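Single-letter residue listing:
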Amino acid sequence: MFSRKNKLILLKLLSLFSIVRGYNILVIVLAQYLTSIFILAPHIPLKKVLFDTNLFVIVLASAGVIAAGYIINNFYDREKDLINRPQKTMLDRLVSQRTKLTGYFVLNFLSVILASYVSFRAVLFFSLYVFGIWFYSHKLKRIPFVGNFVASTLSITPFFAVFIYYKNFDEVIFVHATFLFLILVMREMVKDLGNLRGDVAQNYKTIPILYGESASKKIISLLVISSCIPIYLLLTTYEVGHMYLYFYVCLGLLLLFLFALWRSGSRVHYIWLHNTLKLIIVSGVFSIMLIDVGMILDRIIR
């Protein structure tokens, strides 16, 4: 049996994992590697990609900055989250504010130091990324639509790190990125619909607060329709291998999402909608391997 002290340590570790959204970071790390293997550097042998020290450092630095971003976001949103997510907030409060801030500065510092191993450009990139996350958490997130747009841009930024590293400027990459970006913006806007109580209490100026839920749903609907454009291009113009199955499923899920959106009116409904978009994002990460299934064995042999 665990002693009281050991239980407290275990709970604090669980709290820290919750604060930095460890599960999200693991998905992003996996996504960066799969994107590198199947989209950005398909011509490079698998072992060279997996054991590329520079790529490993870039992914590790990205994970550090993202974890620090979740910490500072948690720091600024503690009162709002207490209303919107009381159970998670109570768990997160096992870690003191002082410890959170210390972790924030240490993670950012170590990430920039790691980036220096790759190049000065990497240092500049991650320094700007750190500043962007802080500026978003401190100022921009309270500005309607700008906050949603910037949050989605920051979410996709880790992929630009590996994109710049491999210097792959194929059009198909931008089409993939556009689809992901639109889904991320939708997710941020659905999150605003679900967080109305906390946002009102903390005087946040989100779209549903300023213009109403109906206006927010109209914008989300427009984003759903817009996301069909990159899906159409990826299915008809570019070679995506068996990943076409994923995009057909996405079309079905987005149609269901759109139908459910206009019938939703409670926080529970918006959580389901948010999870649907999260499912599209996470399943998209694993579906990258469908681009060329045969290539996996071939590159392992090489």
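A brief report on the enclosed structure follows.

Reading guide: rules and limits
Residues numbered from 1 in each chain as written. Predicted model: local features only at pLDDT ≥ 70, side-chain atom pairs only at ≥ 80, totals over all residues. Heavy atoms only, no water. Helix = DSSP H or I, 4+ residues; strand = E, 2+ residues; numbered from the N terminus. Rg over C-alpha atoms; globule rule 2.2 N^0.38 Å. Buried < 20%, exposed > 50% of the residue type's maximum accessible area, 1.4 Å probe, protein only. Contact = heavy atoms within 4.5 Å. Areas by Shrake-Rupley, 256 points an atom, 1.4 Å probe, with all protein chains shown as cover. Lys, Arg positive; Asp, Glu negative; His and termini not counted. Charge placed at Lys NZ, Arg CZ, Asp CG, Glu CD. Core = buried A, V, L, I, M, F, W, Y, C linked by side-chain atoms within 4.5 Å. Salt bridge = Lys/Arg side-chain N within 4 Å of Asp/Glu carboxyl O. Polar contact = N/O pair within 3.5 Å; in protein donor to acceptor, adjacent residues only side chain to side chain. Expected span 1.5 Å × (residues − 1). Bend = angle between axes of the 7 residues up to and from the residue. Phe/Tyr/Trp six-rings, centres within 6.5 Å; stacked < 30°, edge-to-face > 60°. Axes fitted to C-alpha atoms, helices over the stretch in contact; angles between N-to-C directions. Parallel < 35°, antiparallel > 145°, perpendicular 65-115°, else oblique. Left-handed = near helix turned anticlockwise from the far one by under 90°. Disulfide = S-S within 2.5 Å.

With that settled, consider the overall build of the protein. Counting its secondary structure elements, the protein contains 16 helices and zero strands. For 302 residues, the compact-globule estimate of 2.2 N^0.38 gives 19 Å, and the C-alpha radius of gyration of the protein, at 20 Å, lies within 12% of that figure. Along the longest, intermediate and shortest principal axes, the C-alpha atoms of the protein span 55 × 45 × 45 Å. Among the 302 residues that make up the protein, the fraction classed as buried is 46%. For the protein, the share of sequence-separated contacts (at least 6 apart) that also reach a separation of at least 24 residues comes to 78%. When the accessible surface of the protein is summed, it comes to about 15,900 Å², and 71% of that surface belongs to carbon and sulfur atoms. Distance between charge centroids for the protein: 11 Å, based on 30 positive and 14 negative side chains.

Moving on to the nonpolar core. Met-186 and Ile-220 are the most contacted members of the largest nonpolar core, which totals 83 residues. Other than its neighbours up to four places away in sequence, Ile-220 contacts Met-186, Met-189, Val-190, Leu-193, Phe-257 and Leu-261.

We now examine the pattern of salt bridges. Taken as a whole, this structure holds two salt bridges when the rule is applied. With its nearest N and O atoms 3.6 Å apart, the salt bridge here joins Glu-188 to Arg-187. Just as Glu-188 is buried, Arg-187 falls in that class too. We note a salt bridge from Glu-188 to Lys-191, for which the minimum N-O separation is 3.4 Å. Here Glu-188 and its partner Lys-191 are both found in helix α10 (residues 171-194), three residues apart, which amounts to about one turn of the helix. We classify Glu-188 as buried; its relative accessible area is 8%. Residue Lys-191 is classed as partly exposed on the basis of its relative accessible area, which comes to 27%. Linked through salt bridges whose partners overlap, the residues forming this network are Arg-187, Glu-188 and Lys-191.

The residue Lys-217 is located in helix α13 (residues 213-236) in this model. For the buried Lys-217, no salt bridge is present, and the opposite-charge side chain at shortest range is Glu-213, 4.6 Å distant. From its side chain, Lys-217 meets the backbone oxygen of Leu-261 in a polar contact 3.3 Å long. Residues within four places of Lys-217 in sequence aside, it is in contact with Leu-193, Leu-261, Trp-262, Ser-264 and Tyr-270.

Helical periodicity: at 3.6 residues per turn, an α-helix aligns residues three or four positions apart in one direction. With 21 residues, helix α9 (residues 146-166) extends 30 Å between its outermost C-alpha atoms, agreeing within 8% with the 30 Å of an ideal straight helix rising 1.5 Å per residue. Of all the bends in α9, the largest measures some 40° and sits at Thr-157, one to four residues before the proline Pro-158. Phi turns positive one or two residues past the end of α9, at Lys-167, with a value near 55°.

A few words on the packing of aromatic side chains. A full pass over the atoms with the stated rule returns 13 aromatic pairs. Judged by centre distance (5.9 Å) and plane angle (40°), the ring pair of Phe-131 and Trp-134 falls under tilted. Taken together, the positions of Phe-131 and Trp-134, both in helix α8 (residues 120-138) and three residues apart, correspond to about one turn of that helix. Consider the rings of Tyr-246 and Phe-247, whose centres lie 5.1 Å apart with planes at 65°: the pair is edge-to-face. Across this residue pair, the class does not change: Tyr-246 and Phe-247 are buried.

Here we take up the packing of helix α4 (residues 53-76) against α9. Between α4 and α9, the least distance of the axes is 10 Å, while the angle of their chain directions is 160°. The orientation of α4 relative to α9 falls into the category roughly antiparallel. Here the hand of the crossing between α4 and α9 comes out right-handed. Packed against α4, whose contacting residues are Asn-54, Leu-55, Ile-58, Ser-62 and Ile-66, the element α9 presents Pro-158, Ala-161, Val-162, Tyr-165 and Tyr-166 at the interface.

Quick look at the state of the cysteines now. This structure, assessed with the given rule, holds zero disulfides. With no disulfide partner, Cys-228 has as its closest neighbouring cysteine sulfur the one in Cys-250, 10 Å distant. Judged by its relative accessible area of 1%, Cys-250 falls in the buried class.

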